[in-house]
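Structural characterization, general
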Amino acid sequence: IDHLVFAGGVILVVMTQRRAGAIYGNQHSRHWTQVGRHRAKYQFTNPMRGLSRQVDGINQIVGRHAAGVVVFPDRTTFPNGRQSGVVTVSEFARMIERLDIKDRPEGALAWRRLKTRLGQRMVDTRAATTSPRQTAISLLATADRREPSF
């Protein structure tokens, strides 16, 4: 898990991808393809598969209060369409803003339960001093770290 974010009573399991350019793939593909500069092609494992397992693991702890999202840089395109749950940094920031206007008490309870179980500091957007966009950019900037941020 790259990041866990609590926004609007929803626990978001966030997988960050630093791959820009054109991305091709669908939820059933084993691999997705990135076409970068000079039409160089790189295959990588479908991030939706791993994300699904991560969300299932979190939901085993907290019930059905977690959802997953894969976040790509803003300069990423999806020429054949994009899968549900795949967003850019800017879209992720807007998603957090929309979620923050909602209040789900049962989600807050699940968040506390998860924090207790994991014993880690996590990102609660209600307590953040930065904007949702800054939070999204910060999450993407830390994507290279091997340790998950909570």
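The structure we're discussing is the one just above.
Report on the accompanying structure. Worth saying up front: this structure is predicted, and the values here are computed from it rather than measured.

Conventions we followed
Counting restarts for each chain: residues are numbered from 1 in the order of the written sequence. Restriction of local features to residues with pLDDT of at least 70 applies here, the model being predicted, together with a cutoff of 80 or more for giving and counting side-chain atom pairs; totals for whole chains, interfaces and linings are based on all residues. Neither water nor hydrogens contribute to the side-chain values; these are computed over all heavy atoms in the structure. In summary, the pairing rule links any two rings of Phe, Tyr or Trp, Trp by its six-membered ring, whose centres are within 6.5 Å, and it sorts them by plane angle into stacked for under 30 degrees, edge-to-face for over 60 and tilted for everything else. Helical segments are the DSSP runs of H or I of at least four residues, strand segments are the runs of E of at least two, and each set is numbered from the N terminus. A simple rule labels every residue: compare its accessible area, found with a 1.4 Å probe on the protein chains alone, to the largest value its type can have, and call it buried under 20%, exposed over 50%, or partly exposed in between. Strands were regarded as paired on the criterion that DSSP finds at least two bridges between them. As defined here, a cavity is a set of points on a 1 Å grid over the protein atoms alone where a 1.4 Å probe fits but cannot get out. A pocket is an open set with protein on both sides within 12 Å along at least five of seven lines, and residues line them when an atom is within 4 Å of a point. Grid points are joined across faces, edges and corners, and a volume is the space filled by probe spheres set on the points. Polar here means any residue outside two lists: the nonpolar Ala, Val, Leu, Ile, Met, Phe, Trp, Tyr, Cys and Pro, and the charged Asp, Glu, Lys and Arg; Gly therefore counts as polar. Helix span is expected to be 1.5 Å times the residue number reduced by one. The reported arc concerns the directions from the helix axis to the C-beta atoms and nothing else.

The next point concerns the packing of aromatic side chains. Applying the stated criterion across every chain yields a total of 2 aromatic pairs. Judged by centre distance (6.2 Å) and plane angle (75°), the rings of Trp 32 and Phe 44 are edge-to-face. Highlighted residues: Trp 32 in strand β4 (residues 31-35) and Phe 44 in strand β5 (residues 41-45), separated in sequence by 12 residues. Both rings, one in Phe 72 and one in Phe 78, keep their centres 5.4 Å apart while their planes meet at 80°; by these two values the pair is edge-to-face. A residue is classified by how much of its surface remains accessible, and Phe 78, at 12% relative accessible area, is buried.

Right, let's talk about the sheet that holds strand β3 (residues 21-24) for a bit. Taken together, 4 strands build an open sheet; the order of strands is β5-β4-β3-β7 and the sheet is mixed. Of all strands in the sheet, those bounded by a partner on one side alone are β5 and β7 (76-77). Relative to β4, β3 runs antiparallel, the two sharing 3 bridges. By the bridge assignment for β4, Ala 22 is matched with Val 35.

Computed from the structure, the second largest pocket encloses a volume of approximately 150 Å³. As for the second largest pocket, its lining consists of Ala 20, Gly 21, Gln 34, Gly 36, Arg 37, Tyr 42 and Arg 75. Of the residues assigned to the lining of the second largest pocket, the class counts are 2 nonpolar, 3 polar and 2 charged.

With that settled, the discussion passes to helix α3 (residues 105-118). What sets the pattern is the α-helix's 3.6 residues per turn: residues three or four places apart point alike. Compared with an ideal rise of 1.5 Å per residue, which puts 14 residues at 20 Å, α3 spans 20 Å between its outermost C-alpha atoms and is within 8% of the ideal. Taken together, the buried positions of α3 are Gly 107, Ala 108, Ala 110, Trp 111 and Leu 114. Mapping the buried residues of α3 onto a view down its axis gives an arc of 160°, with all of them on the same face. Residues of α3 that are exposed and point over 90 degrees away from its buried face: Pro 105, Thr 116 and Arg 117.

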